[in-house]
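Coordinate analysis (summary)
Now for the letters of each chain:
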Amino acid sequence: MVLLLITIDLKDDYLGGDLFKLDEILSSLDAQEGYRAHSVNRDLRNQSQLLLIAEWKSEEAVERYMQTDEFKLLIQTIKMVGKKYAVSFVSVLSSGGLELPKERIVSSLEEVPGE
């Protein structure tokens, strides 16, 4: 699984405004091969910061999407509503519920020297 992360520093005009065009473009992700889900998050302390997280099946799926007109339209829209933006990728090595961190905590406690 690969996460496409886009951080956006919104222009003042869009701080409390309508981001309908951005939402409309993101809803078109459903038609993309290899797309799984997305979310848009606003920073609670800095309302001008948005974080778009899109989950993809593979790196190849993200690369195919980035060649589409839909991705170009997304970037154009981000440039319209944002002062600046950054795009990054994260490969997820494992996923699961709370058992993953719990297992890691337990195994790290077992390895503490001197106990």
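Above: the structure in question.
Fair warning: this is a prediction, and the values are worked out from it, not measured in the lab.

Reading the values: rules and limits
Residues numbered from 1 in each chain as written. Predicted model: local features only at pLDDT ≥ 70, side-chain atom pairs only at ≥ 80, totals over all residues. Heavy atoms only, no water. Helix = DSSP H or I, 4+ residues; strand = E, 2+ residues; numbered from the N terminus. Buried < 20%, exposed > 50% of the residue type's maximum accessible area, 1.4 Å probe, protein only. Contact = heavy atoms within 4.5 Å. Phe/Tyr/Trp six-rings, centres within 6.5 Å; stacked < 30°, edge-to-face > 60°. Salt bridge = Lys/Arg side-chain N within 4 Å of Asp/Glu carboxyl O. Polar contact = N/O pair within 3.5 Å; in protein donor to acceptor, adjacent residues only side chain to side chain. Axes fitted to C-alpha atoms, helices over the stretch in contact; angles between N-to-C directions. Parallel < 35°, antiparallel > 145°, perpendicular 65-115°, else oblique. Left-handed = near helix turned anticlockwise from the far one by under 90°. Nonpolar A, V, L, I, M, F, W, Y, C, P; charged D, E, K, R; others polar.

Notes on the overall build of the chain
Counting its regular elements, the chain contains four helices and four strands. Each helix and strand of the chain, placed in order from N terminus to C terminus, yields the pattern β-α-β-β-α-α-β-α. Sorting the 115 residues of the chain into buried and exposed places 30% on the buried side. Here the analysis covers contacts within the chain between residues at least 6 apart in sequence; of these, 70% occur between residues at least 24 apart.

Some thoughts on the packing of aromatic side chains
For the structure shown, the criterion picks out three aromatic pairs. The interplanar angle of 75° and the centroid separation of 5.4 Å between the aromatic rings of Tyr65 and Phe71 together place this pair among those described as edge-to-face. Taken together, the ring pairs connect Tyr35, Trp56, Tyr65 and Phe71 into an aromatic cluster.

Here's the deal with the pattern of salt bridges
Evaluation of the coordinates by the stated rule reveals three salt bridges. The partner of Glu33 in a salt bridge is Arg64, and the shortest N-O contact between them spans 3.8 Å. Taken together, the residues span a long stretch of sequence, with Glu33 in the loop between helix H1 (20-27) and strand S2 (35-42) and Arg64 in helix H2 (residues 59-65) at a distance of 31 residues. With relative accessibility at 60%, the residue Glu33 sits in the exposed group. Two residues, Arg36 and Glu55, come together in a salt bridge whose shortest N-O distance is 3.6 Å. Linking Arg36 in strand S2 with Glu55 in strand S3 (residues 49-56), this pair joins segments that are 19 residues apart in sequence.

Quick notes on the side chain of Thr68
Mapped onto the secondary structure, Thr68 falls in the loop between H2 and helix H3 (69-81). Here the side chain of Thr68 touches Tyr65 through a polar contact of 2.6 Å, landing on its backbone oxygen.

A word on the packing of H1 against H3
Where H1 meets H3, the axes come as close as 10 Å, and the angle between the chain directions of the two elements is 160°. Regarding the angle of H1 to H3, the classification is roughly antiparallel. When the axes of H1 and H3 are compared, the crossing they make is left-handed. From H1, Lys21, Leu22, Ile25 and Leu26 reach across to H3, where they touch Glu70, Leu73, Leu74, Thr77 and Ile78. By residue class, the composition of the contact of H1 with H3 is six nonpolar, one polar and two charged.

Considering the environment of Asp12
Structurally, the position occupied by Asp12 is in the loop between strand S1 (2-10) and H1. According to the relative accessible area criterion, Asp12 is exposed, its value standing at 55%. Residues Asp12 and Ser48 lie 36 residues apart in sequence; the distance between their C-alpha atoms is 7.6 Å.

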